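# Coordinates in review
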Amino acid sequence: MWYAILSEDVSDSLQKRAGARPAHLERLKELQSQGRLLLAGPHPAIDAQTPGPAGFSGSLVVAEFGSLDAAQTWADADPYLAAGAYARVLVKPFLKVLP
């Protein structure tokens, strides 16, 4: 089943994200190589493609896992969470309808 992992950043998370970004992306690339990643990306803190120093307000990952517990375990091991960039992470089942 698909799961949406919705993460909310702490204030001024840009430097914390920068340090953990390579490890964060590596985990996403692993999901992608397994055919389990539907989409992933950050939420810019401002209405801009490149938010610059404003940074990001959170992230969204939609990926396939065997259970809600497995998705939560994966989310709990995110390098951004370990680095203190995320204030909260919510994992919810997701039903892909379109396209």
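Summary of the structure given here. Remember, it's a predicted structure, so these values are computed and weren't measured experimentally.

Parameters and conventions
Residues numbered from 1 in each chain as written. Predicted model: local features only at pLDDT ≥ 70, side-chain atom pairs only at ≥ 80, totals over all residues. Heavy atoms only, no water. Helix = DSSP H or I, 4+ residues; strand = E, 2+ residues; numbered from the N terminus. Buried < 20%, exposed > 50% of the residue type's maximum accessible area, 1.4 Å probe, protein only. Arc of directions from axis to C-beta. Contact = heavy atoms within 4.5 Å. Pairing = 2+ DSSP bridges. Expected span 1.5 Å × (residues − 1). Bend = angle between axes of the 7 residues up to and from the residue. Polar contact = N/O pair within 3.5 Å; in protein donor to acceptor, adjacent residues only side chain to side chain.

## So, unusual backbone geometry
In this structure, Pro 99 follows Leu 98 across a cis peptide bond, with omega equal to -10°. Tracing the backbone shows Pro 99 in the segment after strand E4 (86-94).

## Remarks on helix H2 (residues 68-76)
All buried positions along H2 are accounted for by Ala 71, Trp 74 and Ala 75. Taken down its axis, H2 places every buried residue within 100° of arc, on the same side. Turned more than 90 degrees away from the buried face of H2 sit Asp 69 and Thr 73, all of them exposed. Buried-residue contacts for H2 involve strand E1 (2-9), helix H1 (14-33), strand E3 (56-64), helix H3 (79-82) and E4.

## Considerations on the pairing of E3
Two strands pair when backbone bridges link them, and E1 and E3 are joined in this way by seven bridges, in the antiparallel orientation. Bridge pairing in E3 places Leu 6 opposite Leu 60.

## Some details on H1
Between its first and last C-alpha atoms H1 spans 27 Å; for 20 residues at 1.5 Å apiece the expected length is 28 Å, and the two agree. Taking the largest bend as the criterion, H1 deviates by roughly 60°, centred on Ala 20, and proline Pro 22 comes between one and four positions later. Every buried residue of H1 is listed here: Arg 17, Ala 20, His 24, Arg 27, Leu 28 and Leu 31. Along its buried surface, H1 packs onto E1, strand E2 (37-44), E3, H2, H3 and E4. Trailing H1 by a residue or two, Gly 35 shows a phi angle of about 75°, which is positive.

## Brief notes about the side chain of Ser 13
With respect to the helices and strands, Ser 13 occurs in the loop between E1 and H1. A polar atom in the side chain of Ser 13 sits 2.5 Å from the side chain of Asp 9. Beyond its immediate chain neighbours, meaning those up to four positions away, Ser 13 contacts Phe 56 and Ala 85.

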